[in-house]
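# A look at the structure
Read off the chains here:
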Amino acid sequence: MAVPLIQQYRVARYIMGKKLARQEKYPLVLMLEPLFQCNLACAGCGKIDQPKDVLKQRMSVDDALAAVDECGAPMVSIPGGEPLIHKEMPQIIQGIVARKKFVYLCTNALLMKKKMDQYEPSPYFTWSVHLDGLKERHDESVCQEGVFEKAVEAIEMARDRGFRVTINCTLFDGEVPEEVADFFDYVTDLGVEGITVSPGYSYEHAPRQDVFLGRSTSKNLFRNIFRAGRERGSDWKLNHSSLFLDFLAGNETYQCTPWSNVTYNVFGWQKPCYLLVDEGYEKTFKGLMENTEWDKYGVGRNPKCDNCMAHCGYEGTAVEDTFAHPLKALKVMLKGPRLSGDFAEELPIVYGDRAEATATRIPISAIGRRETGAARDSAR
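These numbers were taken from a predicted model, which means no experiment stands behind them.

## Some words on the packing of helix α6 (residues 135–142) against helix α7 (residues 147–160)
Packing of α6 against α7 brings their axes to within 8 Å, and their N-to-C directions diverge by 110°. As far as their axial angle goes, α7 and α6 are roughly perpendicular. Judged by residue contacts, K135, H138, D139 and V142 of α6 engage V147, F148 and E149 from α7. Of the residues belonging to the contact of α6 with α7, the class tally is 3 nonpolar, 1 polar and 3 charged.

Here it is in structure tokens:
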């Protein structure tokens, strides 16, 4: 059995166990942030806007592994900051692998070649390299020249040494679908195991706010990307469920499942998700699950969530839908997402002065932050 299939089997077994136990809320992924410090300052990042004393903080190995045990999710994603800055990251990875959890170490790859000897290939360990496009586009996104070439060199080294390698790609406003398709073709030829892709979330603390996508812009972009790939006959290994891809193409009406990707960082368990950074913290995972007012978050429920289509919130929803409607998921997997016709109806807005949209059915896509050509041009 190939490694990805082993992982799918283990995750499916975990989900079935939760369903048999009739547990409604459970995480699929632990987002473990061992530090906020980074060696880049990307325009769309909302994680590094912290005081200097916070940027110096490091999560201990014991605290990291205790969070893995307390949460119990079968997969662990380690973003940051830049995790490879953390001197004890090899020990954290070793501890997670020893627990037979599937761990993705997210990195911009600037330190990857230098640090690679500290890690060993394993079915449970994957380098998740951040690339947002080909050379010019990626270097623009991370606000530093030469990063793309260093990342590609690190990917090739890791592949030669037998590591699992995936790409983590965030798409921002102003993307050209054909160029994104070129990028997906390129990294597929590099031999990466999969591509994780998501629309950029509009962090309140990001240095620039003109780079983020609105919902209808996101859906049109993904339809055009998928269309380009279909016309080329490309064989992209997108690291997502078929129904999440269908959602990105505007064919599913999904609500966010924030507890599917819980976050633990130097402050504790972050409420309600990885992306919302000002909603408070809990000391324990149990406290996070029991004390978070989950119904106050999600599309139409909270203005901070209106334009979010990120995989950390909606992949869990798509997985639940896959288990509920396996034939629908299989059909989309075999045929691909629908790329024409109307979008699926949006959920109504039920907060504040816009609660009247419940009656008038004003779609959330109508209030997207970056829907105009002028805004797209300004981000280029």
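## A look at the nonpolar core
Core analysis: the largest hydrophobic core is formed by 98 residues, its most contacted members being L30, L32, I78, W127 and F184. L32 has contacts with M59, A64, A67, V76, S77, I78, P79, I92, I96 and Y264, leaving out every residue within four places of it along the chain.

## Comments concerning helix α9 (residues 215–232)
In a regular helix each residue adds 1.5 Å, so 18 residues correspond to 26 Å; α9 covers 26 Å between its end C-alpha atoms and thus fits that length. Along α9, the residues that are buried comprise R215, S216, T217, S218, K219, L221, F222, R223, I225, F226, A228 and G229.

## Describing the pattern of salt bridges
If the charged atoms of two oppositely charged side chains come close together, the side chains can form a pair. A complete count under the given rule lists 20 salt bridges for this structure. With its nearest N and O atoms 3.8 Å apart, the salt bridge here joins K25 to E24. Using a relative accessible area of 27% as the deciding quantity, one classes K25 as partly exposed. For E24, a relative accessible area of 64% gives the class exposed. In this structure, a network of salt bridges that share partners links the residues R137, E140 and E175.

## Side note on the confidence of the model for the chain
Considering every residue of the chain, the mean pLDDT works out to 87; 86% of them sit at 70 or more. When the criterion is pLDDT under 50, residues 203–212 qualifies, and its contacts beyond four places in sequence or with other chains add up to 46 contacts. Considering only residues more than four positions removed or in separate chains, one finds that residues 356–380, a stretch of pLDDT under 50, has 60 contacts.

## Concerning the packing of aromatic side chains
Describing an aromatic ring pair means giving the distance of the ring centres and the angle of the ring planes. If you walk through the whole model with that rule in mind, you get 19 aromatic pairs. With 6.0 Å between their ring centres and 35° between their planes, F244 and F247 make a pair best called tilted. Residue F244 and its partner F247 are located together in helix α10 (residues 242–248), separated by 3 residues, close to a single helical turn. Each member of the pair, F244 as well as F247, carries the same accessibility label: buried. A ring pair is formed by F247 and Y314, whose centres lie 4.6 Å apart and whose planes are at 20°; its orientation type is stacked.

About the thresholds
- Residues numbered from 1 in each chain as written.
- Predicted model: local features only at pLDDT ≥ 70, side-chain atom pairs only at ≥ 80, totals over all residues.
- Heavy atoms only, no water.
- Axes fitted to C-alpha atoms, helices over the stretch in contact; angles between N-to-C directions.
- Helix = DSSP H or I, 4+ residues; strand = E, 2+ residues; numbered from the N terminus.
- Parallel < 35°, antiparallel > 145°, perpendicular 65-115°, else oblique.
- Contact = heavy atoms within 4.5 Å.
- Nonpolar A, V, L, I, M, F, W, Y, C, P; charged D, E, K, R; others polar.
- Core = buried A, V, L, I, M, F, W, Y, C linked by side-chain atoms within 4.5 Å.
- Buried < 20%, exposed > 50% of the residue type's maximum accessible area, 1.4 Å probe, protein only.
- Expected span 1.5 Å × (residues − 1).
- Salt bridge = Lys/Arg side-chain N within 4 Å of Asp/Glu carboxyl O.
- pLDDT = per-residue confidence, 0-100.
- Phe/Tyr/Trp six-rings, centres within 6.5 Å; stacked < 30°, edge-to-face > 60°.

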